[in-house]
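The primary structure of each chain is shown beneath.
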Amino acid sequence: MSATAPASFRLAKRLDEVGFSDIVQIRNRVMELRVKGAAVYQFEGGEPYRPTPDYIKQAVTAALQENKTRYAPSSGIPELRRAIADKLRTGNNIHAKEENVIVVNGGMQGLFGAFQSTIDPGDDVLIFSPYWTPIKDLVAHCGGRLVLVPTDEARAEGVGATLRRYATANTRAIYFNTPTNPSGVVFTREESEEVASLAIDRDLVVVADEAYEDIVYEGEQISIASLPGMFERTITTFTLSKSYAMTGWRLGYAVAPKALAAKLDQLMINSSSCAAGFTQIAAIEALSAPESAHAVSRMVKVFEHRRDLIVDGINAIPGMRCTRPQGAFYAFPNIQGTGFGERELADRLLTEAGVAVLPGTAFGDAGKGYIRIAYTQSEDELSRGLQRIAEFVSKHKP
Ligand SMILES: Cc1ncc(COP(=O)(O)O)c(C=O)c1O
């Protein structure tokens, strides 16, 4: 066999049904364009695009200087688990103890563990659609099937009744993400109660994703695990990525009843062993320092202003219309009036106008006719990017 001949070993089938997130593929294209020197307005990413606050960075530097560089316990360092349990009790009304908390490498790993621990081949997972893309692949990895429940239909006709209509004999879990990526929907207390009621009636698990818990402009953040009868059937995943601009740190946590938390711990032991100890020390600072509450609320105010700028700007473009999202940091406008499909528009905005957005169908079929625009860049960038979108759309009027 020559040195360049491809090897002929067999690849495991396990990943055959698991895709490569559209989001990551577009992010890679943007990076390629930038490497070639193109100027691209980056409105595609789920990034706060701001530095991690200094006091958190100082905490990690100090931990490194003190040589806190060894393996950490698989479930997380005790001081951090205690700080998280405190935060869950006071901030989320979730009555968690330290033993219910597992520290993970980002919300993504928490969600991976949540589905791995609860979904078997042939199980169905109810999910409001449009939905955060990677969930499809996390469920596929377990041999499960997504049952898409259109969010608009559910909110118009009643969340409980709609979920019950879509539920099948194989339904095992509900994925519940509020505030929602990509639509910015914040489910109300009544809606959360209806989700809870179905879960209890049908003995389902709820995988609650509260990555954007702090980024709420209107409405109320309800942790579904805080509702009566829900703690024992809910795994909630949280992340430091969005609230503290720590996307690259890969740090999050999950809270679950003891038996489920033990499964997550088992997964940690057998995948990454643990989250890095020195970042966990800094996470205690992020969760407990008095500066944090101010830093987060300042950031949310800034994002609210940018939300209004982008929503008003989009609504001034003929052919586009956008509802005002209540949470997270994405606008999800309908673009059908522009005469473009969402994939063509996203593609041509990137290559011809230098603006990166995501096609709505990257978030499932309910995103047909929509694009997602993250509004975390500076106001100046957002205004200039909006201008380019407006010019492109008006030059190509249907
Ligand atoms: C809805 C949702 N859940 C979870 C995550 C996970 O974030 P991370 O893995 O950075 O903690 C994201 C990130 O974009 C998200 O949008």
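The sections below set out a description of the structure shown in this document. Note that residues are indexed from 1 along each chain, following the sequence as it is written. With pLDDT at 70 or above as the cut-off, local features in this predicted model cover only qualifying residues; side-chain atom pairs require 80 or more to be listed or tallied, and sums for whole chains, interfaces and linings still use all residues. To obtain the side-chain values, all non-hydrogen atoms of the structure were used and water was disregarded.

Here we take up the nonpolar core. Counting residues in each nonpolar core, the largest one holds 69 residues, and the members touching the most others are Leu88, Ile310 and Met320. Only DSSP runs of H or I reaching four residues or more are called helices, and only runs of E reaching two or more are called strands; each is numbered from the N terminus. In terms of residue count, the dominant contributor to this core is helix α11 (residues 290–315) (eight residues). Excluding residues that lie within four positions of it along the chain, Leu88 makes contacts with Asn93, Ile94, Ala96, Val101, Phe238, Tyr253 and Val255. By nonpolar core we mean a set of buried residues, namely Ala, Val, Leu, Ile, Met, Phe, Trp, Tyr and Cys, connected to one another through side-chain atoms within 4.5 Å. Classification of residues uses two cut-offs on accessible area relative to the type maximum, computed with a 1.4 Å probe and protein chains only: under 20% is buried, over 50% is exposed, and between them is partly exposed. Residues Val125, Ile127, Ala173 and Ala261 belong to the second largest nonpolar core, which totals 25 residues. Two residues form a contact once any of their heavy atoms are found within 4.5 Å.

Time to look at the sheet that holds strand β11 (residues 358–359). Two strands pair if DSSP finds at least two bridges between them. The strand order across the open sheet built from three strands is β9-β12-β11, with neighbouring strands paired in antiparallel fashion. Each edge of the open sheet is held by one strand with a lone partner, namely β9 (330–331) and β11. In terms of strand pairing, β11 meets strand β12 (residues 371–374) through two bridges, oriented antiparallel. Its bridge partner being in β12, Leu358 is matched across the sheet by Arg372.

Quick look at the pairing of strand β5 (residues 171–177) now. In terms of burial, β5 is a largely internal element, six of the seven residues being buried. Examined bridge by bridge, strand β3 (residues 124–129) and β5 share four bridges and lie parallel to one another. Across the sheet, residue Ile127 finds its bridge partner in β5, namely Tyr175. Where β5 lies against strand β6 (residues 205–209), five bridges are found, and the strand directions are parallel. For Ala173, the partnering residue across the bridge sits in β6 and is Val205.

All right, on to unusual backbone geometry then. Cis geometry is found at the peptide bond from Thr178 to Pro179, where omega equals -15°. Checked against the element boundaries, Pro179 lands in the loop between β5 and α8 (189–201). Despite not being glycine, Asp203 shows a phi value in the positive range, around 55°. Along the chain, Asp203 falls in the loop between α8 and β6. A relative accessible area of 56% means that Asp203 is categorised as exposed. Positive phi outside glycine occurs at Ala328, with the angle close to 60°.

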